Amino acid sequence: MIQFVIHKKPRPQQRHRSNGRWNYDPSAKEKKEFAMLIRQYAPDKPLEGEIDLHLTFCYKRPKTHYRKKDGELIRKKIVPYYKKSRPDIDNLSKWVMDSLGDFFLDDSQVVSLNAQKVYGSEDLIHI
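Residues numbered from 1 in each chain as written. Predicted model: local features only at pLDDT ≥ 70, side-chain atom pairs only at ≥ 80, totals over all residues. Heavy atoms only, no water.

### With respect to the overall build of the protein
- A tally of regular secondary structure across the protein gives two helices and eight strands.
- Overall, the protein shows an N-to-C arrangement of helices and strands of β-β-β-α-β-β-β-α-β-β.
- Taken over the C-alpha trace, the protein has a radius of gyration of 17 Å; the compact-globule value for 127 residues is 14 Å, which it surpasses by more than 25%.
- Viewed in the frame of its principal axes, the protein has a C-alpha envelope of about 55 × 45 × 25 Å.
- Looking at the protein residue by residue over its 127 residues, the buried ones come to 32%. (Helix = DSSP H or I, 4+ residues; strand = E, 2+ residues; numbered from the N terminus. Rg over C-alpha atoms; globule rule 2.2 N^0.38 Å. Buried < 20%, exposed > 50% of the residue type's maximum accessible area, 1.4 Å probe, protein only.)

See the structure below:
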């Protein structure tokens, strides 16, 4: 089992673009930077076989989830746990899976994917 947390705001996979002559991935630079960041957690040899992947995309709570009391921010009693707004969870998952190239031979090895978007105290990705 490989498990780690990256303290970075989750990014979605953007649609590939075309300028008439060639296609390009507008997320390529950010995915490469993320891949270099997570490389330290990669196994010595790429994993083989089926992979069960669990992803948690945590977003810092917006100011509307808090109220002021005596000049101090206090979280309201009723605020959502799950983030229901954009970006879409499939685009977030695709971005991470494309960046995990050093972890497995091919992302088709992922046979089970559990992903969720939640609110928390800071932006992070738990893999």
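### Points about the pattern of salt bridges
- For the structure on display, the rule yields six salt bridges.
- Across the pair Lys 31 and Asp 25 runs a salt bridge whose closest N-O atoms are separated by 2.7 Å.
- Accessibility expressed as a relative area gives 11% for Lys 31, which makes it buried.
- Across the pair Asp 107 and Lys 94 runs a salt bridge whose closest N-O atoms are separated by 3.6 Å. A residue pair is termed long-range when its members are at least 10 positions apart, and Asp 107 in the loop between helix H2 (89–99) and strand S7 (110–120) and Lys 94 in helix H2 qualify at 13 residues.
- Connected through shared salt-bridge partners, Asp 25, Lys 31, Lys 94, Asp 98 and Asp 107 make up one network. (Salt bridge = Lys/Arg side-chain N within 4 Å of Asp/Glu carboxyl O.)

### A short note on the pairing of strand S6 (residues 72–75)
- Bridge analysis of strand S5 (residues 66–69) against S6 gives four bridges, and the strand direction is antiparallel. What sits directly across from Arg 67, in S6, is Ile 74. (Pairing = 2+ DSSP bridges.)

Any functional reading would require information beyond the geometric quantities listed.
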